Amino acid sequence: MNWKTRIRKRRITEAILTLFFLVIIVVFYALYEQSAVVEEIGFGPVKHQTVTYNTDFLWGVFIGFFGLTPSVIFLIADLISSKFVTFEISGDYITFYRGIFGTDLYVNGEYKDGLFLFGYYLETTLSDGTKINAALGKWSAHLTFSNGHPPMDI
């Protein structure tokens, strides 16, 4: 599976999860509002209304809210912080992808090495035997090559 497919699948999953929790909020809030019972209390000319709701529906609203909040945060963070760079070395196309949860290295669209949440180094070999080392920083990566190609900062 190539890198574009993996990114697309993850983002579609995040969007579906976000929509799922949003639908839960809307449905349970609509049920809560429809459960309103209006009572008119009073005697003679002095009357007032009291409205009571079925508060059991609020649990669905709370669950939807507490599910929607992190899913929206992860979706927005993924859209903002994901970065990928593609370049050519010795006839091979190298793609460096850094997402919200991990970092991956692809050669000619094929997954070669990756990190999930923790780690600082990636390494792979190109078709001509050239080794690539990627040292990760907070916001950048330093790539070195064994064939004498000048190092790159991305």
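Just above sits the structure.
Worth saying up front: this structure is predicted, and the values here are computed from it rather than measured.

Draft legend 1. Structural context of the layout of surface pockets. Roughly 460 Å³ of internal volume is contained in the largest pocket. As for the largest pocket, its lining consists of 20 residues, of which R98, G99, I100, T103 and K138 are closest to the centre. Those elements that place two or more of their residues in the lining of the largest pocket are β4 (92-98) and β5 (102-107). Along the lines of polarity and charge, the residues of the lining of the largest pocket split into 10 nonpolar, seven polar and three charged. The volume enclosed by the second largest pocket comes to roughly 200 Å³. If you trace the second largest pocket, you find 13 residues lining it, with R6, R10, F101, G102 and D104 closest to the centre. Tallying contributions element by element places β5 first for the lining of the second largest pocket, with four residues.

Draft legend 2. Highlighting the sheet that holds β4. Across the sheet, which stays open at both edges, the four strands sit in the order β3-β4-β5-β6 with antiparallel pairing between neighbours. A strand with exactly one partner marks an edge of an open sheet, and here the two such strands are β3 (83-89) and β6 (110-116). Adjacent strand axes in the sheet meet at a mean angle of 15 degrees when their direction is disregarded. As paired strands, β5 and β6 are joined by six bridges and run antiparallel to one another. Counterpart to G102 in the pairing with β6 is F116.

Draft legend 3. The packing of aromatic side chains, seen in detail. Tallied over the entire structure, the rule returns seven aromatic pairs. Judged by centre distance (5.7 Å) and plane angle (70 degrees), the ring pair of Y106 and Y111 falls under edge-to-face. Y111 gets classed as partly exposed once you look at its relative accessible area, which sits at 38%. Clustering of aromatic rings is evident, with ring pairs tying together Y29, Y32 and Y53.

Draft legend 4. The arrangement of the pattern of salt bridges in detail. In the structure shown here, the tally under the stated rule is five salt bridges. Of the charged contacts, one joins R10 and E14 as a salt bridge, the two residues approaching to 4.0 Å between their closest N and O atoms. Of this pair, R10 and E14 both sit in helix α1 (residues 3-34), four residues apart, roughly one helical turn. A relative accessible area of 24% means that R10 is categorised as partly exposed. The exposure class of E14 is buried, given its relative accessible area of 11%. A salt bridge links K112 to E110, with the nearest nitrogen and oxygen atoms 3.6 Å apart. The class of E110 is partly exposed, set by a relative accessible area of 47%. Overlapping salt bridges, with partners in common, bring together R10, R11, E14 and D78 in one network.

Cut-offs applied
- Residues numbered from 1 in each chain as written.
- Predicted model: local features only at pLDDT ≥ 70, side-chain atom pairs only at ≥ 80, totals over all residues.
- Heavy atoms only, no water.
- 1 Å grid on protein atoms, 1.4 Å probe; cavity = no way out; pocket = protein on both sides within 12 Å on 5 of 7 lines; lining within 4 Å.
- Points joined across faces, edges and corners; volume = space filled by probe spheres on them.
- Helix = DSSP H or I, 4+ residues; strand = E, 2+ residues; numbered from the N terminus.
- Nonpolar A, V, L, I, M, F, W, Y, C, P; charged D, E, K, R; others polar.
- Pairing = 2+ DSSP bridges.
- Axes fitted to C-alpha atoms, helices over the stretch in contact; angles between N-to-C directions.
- Phe/Tyr/Trp six-rings, centres within 6.5 Å; stacked < 30°, edge-to-face > 60°.
- Buried < 20%, exposed > 50% of the residue type's maximum accessible area, 1.4 Å probe, protein only.
- Salt bridge = Lys/Arg side-chain N within 4 Å of Asp/Glu carboxyl O.

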